[in-house]
Amino acid sequence: EPHADEAKAGKFGFPVKNTIGGTPQPNEWSGDYVQFFRENRLGYQLRLARDGTLSSLGKQLMDNLDSYFEGIEVKPCILHGDLWSGNIGGTSGGEPAIFDPACYYGHNEAEFGMSWCAGFGRDFYDAYFSVIPKEKGFEERKQIYLLYHYLVCVQKA
């Protein structure tokens, strides 16, 4: 169960703004996950990119974003937000550790946006999906979550 009262009430976001890498990440609370992701993730990164072609294509996606979430229930889930091999390590006692988070309450599938550089093997994904099974449309939404992180990388370039 979420710790933040807003997330307990079904809202998405985080109590404070944070960063993903060096890029600011707005986290204003929203009762509508698709609206939260549209405005605070895709839309924000597209505005930062200042690229007409990219913005035009991004607008088409954002205009149709609801269709990718039809038939599923998205519940607020605390996310690391920037889970990749560079943010994974171990303690001096040999315990696994994750760090440098870009936390927010969002859709559990959003963690897969960094899967292109996460370095997790098949055993990890099999274990994950044994606990939280893939929902209809996962592969399409995964591409959208990948896009968000690609856009973040554009800001670093």
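Look up: the structure comes first, before these words.
Worth saying up front: this structure is predicted, and the values here are computed from it rather than measured.

Asker: Would you explain the overall build of the protein chain in this entry?
Answerer: Secondary structure assignment for the protein chain yields six helices and six strands. Reading the secondary structure of the protein chain in the N-to-C direction produces α-β-β-α-α-β-β-β-β-α-α-α. Its C-alpha atoms give the protein chain a radius of gyration of 16 Å, within 12% of the compact-globule value 15 Å for 157 residues. The dimensions of the protein chain, computed from C-alpha atoms along their principal axes, are 50 × 35 × 30 Å. Taken over 157 residues, the protein chain has a buried fraction of 42%. A fraction of 62% describes how many contacts in the protein chain between residues 6 or more apart in sequence connect residues 24 or more apart. Working note: accessible area of the protein chain is about 8800 Å², and carbon and sulfur atoms make up 54% of it.

Asker: Looking at this model, I keep getting lost on empty space enclosed by the protein. Mind explaining?
Answerer: Empty space left among the atoms is revealed by rolling a probe the size of a water molecule over them. As enumerated under the stated definition, the model contains one cavity of 30 Å³ or more in all. Taken as a whole, the largest cavity holds about 40 Å³ of empty space. In terms of lining residues, the largest cavity is bounded by Asn108, Glu109, Tyr128, Phe129, Ile132, Pro133, Lys134, Glu135 and Phe138. By residue class, the composition of the lining of the largest cavity is five nonpolar, one polar and three charged.

Asker: Explain the layout of surface pockets to me, please; I cannot follow it from the model alone.
Answerer: Its boundaries defined by the atoms lining it, the largest pocket holds a volume of some 240 Å³. In this structure, the largest pocket is lined by His80, Leu83, Ile88, Ile98, Glu111, Phe112, Ser115, Ala118, Phe120, Phe124, Tyr125 and Tyr128. Secondary-structure elements contributing two or more residues to the lining of the largest pocket are helix H4 (115-118) and helix H5 (122-131). When the residues that make up the lining of the largest pocket are grouped by side-chain class, the tally is nine nonpolar, two polar and one charged.

Asker: What's the story with the state of the cysteines in this structure? I'm lost.
Answerer: Cysteine pairs can be linked by a disulfide, which is a covalent bond between their two sulfur atoms. Evaluated as defined, the whole model comprises zero disulfides. The structure places no disulfide on Cys103, whose sulfur is separated from the nearest cysteine sulfur, that of Cys77, by 11 Å.

Asker: I keep staring at the side chain of Arg41 and nothing clicks. Help me out?
Answerer: Within the secondary structure, Arg41 sits in helix H2 (residues 33-49). No salt bridge is formed by the buried Arg41. Its closest oppositely charged neighbour is Glu28, at 6.9 Å. A distance of 3.5 Å separates a polar atom in the side chain of Arg41 from a polar atom in the side chain of Gln25. Residues within four places of Arg41 in sequence aside, it is in contact with Gln25, Pro26, Asn27, Phe36, Tyr104 and Tyr148.

Asker: Even after reading the chapter, I still don't get the packing of H2 against helix H3 (residues 52-63), so can you show me in this structure?
Answerer: Contact geometry of H2 with H3 gives a least axis separation of 9 Å together with a crossing angle of 165°. Taken together, the axes of H2 and H3 are roughly antiparallel relative to one another. Regarding H2 and H3, the two cross each other, and that crossing is left-handed. Residue-level contacts link Arg38, Leu42, Gly43, Leu46 and Ala49 of H2 to Leu54, Ser55, Gly58, Leu61 and Met62 of H3. Grouping the amino acids of the contact of H2 with H3 by side-chain chemistry returns six nonpolar, three polar and one charged.

Asker: Help me understand H2, please; the structure alone is not making it clear to me.
Answerer: Spacing of three or four residues puts side chains on the same side of an α-helix, whose turn is 3.6 residues. Across its 17 residues, H2 extends 23 Å between first and last C-alpha, which sits within 8% of the 24 Å expected from 1.5 Å per residue. Within H2, twelve of the 17 residues are buried, which leaves the element mostly enclosed by the surrounding structure. Along H2, the residues classified as buried are Tyr33, Val34, Phe36, Phe37, Arg38, Asn40, Arg41, Leu42, Gly43, Gln45, Leu46 and Ala49.

Asker: For this particular structure, what's the right way to read the packing of aromatic side chains?
Answerer: Ring pairs (aromatic) are described by centroid distance and by the angle formed between their planes. Scanning all chains against the criterion turns up 20 aromatic pairs. An aromatic cluster is present here, built from Phe12, Tyr33, Phe36, Phe37, Phe69, Tyr104, Tyr145 and Tyr148 joined pairwise through their rings. One residue, Arg41, lies across the ring of Tyr104, its end atom 4.1 Å from the ring centre. Across from the ring centre of Phe129, 5.0 Å away, lies the NZ or CZ of Lys134, which sits over that ring.

Definitions and cut-offs
- Residues numbered from 1 in each chain as written.
- Predicted model: local features only at pLDDT ≥ 70, side-chain atom pairs only at ≥ 80, totals over all residues.
- Heavy atoms only, no water.
- Helix = DSSP H or I, 4+ residues; strand = E, 2+ residues; numbered from the N terminus.
- Rg over C-alpha atoms; globule rule 2.2 N^0.38 Å.
- Buried < 20%, exposed > 50% of the residue type's maximum accessible area, 1.4 Å probe, protein only.
- Contact = heavy atoms within 4.5 Å.
- Areas by Shrake-Rupley, 256 points an atom, 1.4 Å probe, with all protein chains shown as cover.
- 1 Å grid on protein atoms, 1.4 Å probe; cavity = no way out; pocket = protein on both sides within 12 Å on 5 of 7 lines; lining within 4 Å.
- Points joined across faces, edges and corners; volume = space filled by probe spheres on them.
- Nonpolar A, V, L, I, M, F, W, Y, C, P; charged D, E, K, R; others polar.
- Disulfide = S-S within 2.5 Å.
- Lys, Arg positive; Asp, Glu negative; His and termini not counted.
- Salt bridge = Lys/Arg side-chain N within 4 Å of Asp/Glu carboxyl O.
- Polar contact = N/O pair within 3.5 Å; in protein donor to acceptor, adjacent residues only side chain to side chain.
- Axes fitted to C-alpha atoms, helices over the stretch in contact; angles between N-to-C directions.
- Parallel < 35°, antiparallel > 145°, perpendicular 65-115°, else oblique.
- Left-handed = near helix turned anticlockwise from the far one by under 90°.
- Expected span 1.5 Å × (residues − 1).
- Phe/Tyr/Trp six-rings, centres within 6.5 Å; stacked < 30°, edge-to-face > 60°.
- Lys NZ or Arg CZ within 6 Å of the ring centre and 35° of its normal.

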